[in-house]
Amino acid sequence: MSGYQHILLAVDFMPGVENICQRAREVAECNGARLSVIHVIEPVVMAPPYEGMPSLPVDFEQQMLESARDSLRQLLDRQKMMESVEWSVEVGSVKWTIIEQAREQRVDLIVIGSHGRHGLERLLGSTANAVLHAAPCDVLAVHLKNG
Ligand code: AMP
């Protein structure tokens, strides 16, 4: 069986993200795979939903994008991954954007964090769960201890 060729690592900036990065890097190195990193921001509704509420500034989404890019750059710098990965910040539904990118980029493994939730939290669903059920490829859910 041949190893993974292209791995997509999905990151937020929550505690434990370093462990997910490390695991993704190890798997990529073991397989000699290309590693891409993605962070997704949900689109912002610009129009005020209620009369009398102020609108968000027009460039709000742009500012969010820029600060997300800065955070991702800093994370990859800290993890010493900046030189060896391709990375991007996308706008959209977190689950569907990860799935879409995996399809478009012909990814064969998605690496994602999982809090291993139970009870009501599990019923309500998690990103890892949602991605696992719709993924076009293997998914590695890295257990986050402080979840
Ligand atoms: P959650 O279920 O929201 O706690 O997230 C679990 C995992 O989903 C995180 O550890 C990340 O791997 C991934 N994830 C969550 N939010 C995002 C996001 N905005 N962009 C990319 N990946 C995310």
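Relevant structure appears above.
Since we're looking at a predicted model, the values are computed, not measured.

Definitions and limits used
- Residues numbered from 1 in each chain as written.
- Predicted model: local features only at pLDDT ≥ 70, side-chain atom pairs only at ≥ 80, totals over all residues.
- Heavy atoms only, no water.
- Pairing = 2+ DSSP bridges.
- Helix = DSSP H or I, 4+ residues; strand = E, 2+ residues; numbered from the N terminus.
- Axes fitted to C-alpha atoms, helices over the stretch in contact; angles between N-to-C directions.
- Near = heavy atom within 4 Å.
- Polar contact = N/O pair within 3.5 Å; in protein donor to acceptor, adjacent residues only side chain to side chain.
- Areas by Shrake-Rupley, 256 points an atom, 1.4 Å probe, with all protein chains shown as cover.
- Nonpolar A, V, L, I, M, F, W, Y, C, P; charged D, E, K, R; others polar.
- Contact = heavy atoms within 4.5 Å.
- Buried < 20%, exposed > 50% of the residue type's maximum accessible area, 1.4 Å probe, protein only.
- Core = buried A, V, L, I, M, F, W, Y, C linked by side-chain atoms within 4.5 Å.
- Arc of directions from axis to C-beta.

(A) Focus on the sheet that holds strand S2 (residues 34–41). Reading across from one edge, S3-S2-S1-S4-S5 is the order of the five strands in this open sheet, with parallel pairing throughout. At either margin of the open sheet sits one strand with a lone partner, and together these are strand S3 (86–91) and strand S5 (138–143). Strand-to-strand twist across the sheet, computed as the mean angle between neighbouring axes with direction ignored, equals 25°. Where strand S4 (residues 109–114) meets S5, six bridges bridge the pair, whose relative direction is parallel. The partner of Ile112 across the bridge, within S5, is Ala141.

(B) Layout of the site of the ligand. Around the ligand, 16 residues are found, and the nearest of them are Ala10, Val40, Gly113, His115 and Thr127. In the model, an oxygen atom of the ligand is placed 2.9 Å from a nitrogen or oxygen of the Gly113 main chain. Protein contact buries 88% of the 480 Å² of open area that the ligand shows by itself. Contributing elements (two or more residues each) for the shell around the ligand: S2, helix H3 (94–104) and S4. With three residues, S2 is the single largest residue contributor to the shell around the ligand. Along the lines of polarity and charge, the residues of the shell around the ligand split into nine nonpolar, five polar and two charged.

(C) Summary view of the side chain of Gln101. Note on placement: Gln101 falls in helix H3. Among the polar contacts listed, one links the side chain of Gln101 to the side chain of Gln105, at a separation of 2.7 Å. In this structure Gln101 touches Leu8, Ile38, Glu90 and Val107, once residues within four positions along its chain are discounted.

(D) Local environment of unusual backbone geometry. Here Lys80, not a glycine, exhibits a phi torsion of approximately 55°, which is positive. Locating Lys80 in the fold gives a position in the loop between helix H2 (60–78) and S3. What makes Lys80 exposed here is its relative accessible area of 71%. Its identity as a non-glycine residue notwithstanding, Arg106 has a phi of 50°, on the positive side. By the element assignment, Arg106 lies in the loop between H3 and S4.

(E) Just the nonpolar core, in detail. Membership of the largest hydrophobic core comes to 25 residues, with the highest contact counts inside it found for Ile7, Leu9, Val11, Leu35 and Val111. Mapped onto this core, the elements with two or more residues apiece are strand S1 (6–10), helix H1 (17–31), S2, H2 and S4. In terms of residue count, H1 provides more of this core than any other element does, six residues in total. Sequence-distant contacts of Val11, defined by excluding residues within four places in its chain, comprise Val17, Cys21, Val37, Ile38, His39, Leu72 and Leu75.

(F) Geometry of helix H5 (residues 127–134). Among the residues of H5, Ala128, Val131 and Ala134 are the ones counted as buried. Considered in projection along H5, the buried side chains sweep an arc of 145° and stay on one side of the axis. Residues of H5 that are buried in the fold lie against H3, S4 and S5.

(G) Representation of the environment of Ser88 in the model. You can see Ser88 is positioned in strand S3. Along the primary structure Ser88 and Leu72 are separated by 16 residues, whereas in three dimensions their C-alpha atoms are 8.4 Å apart.

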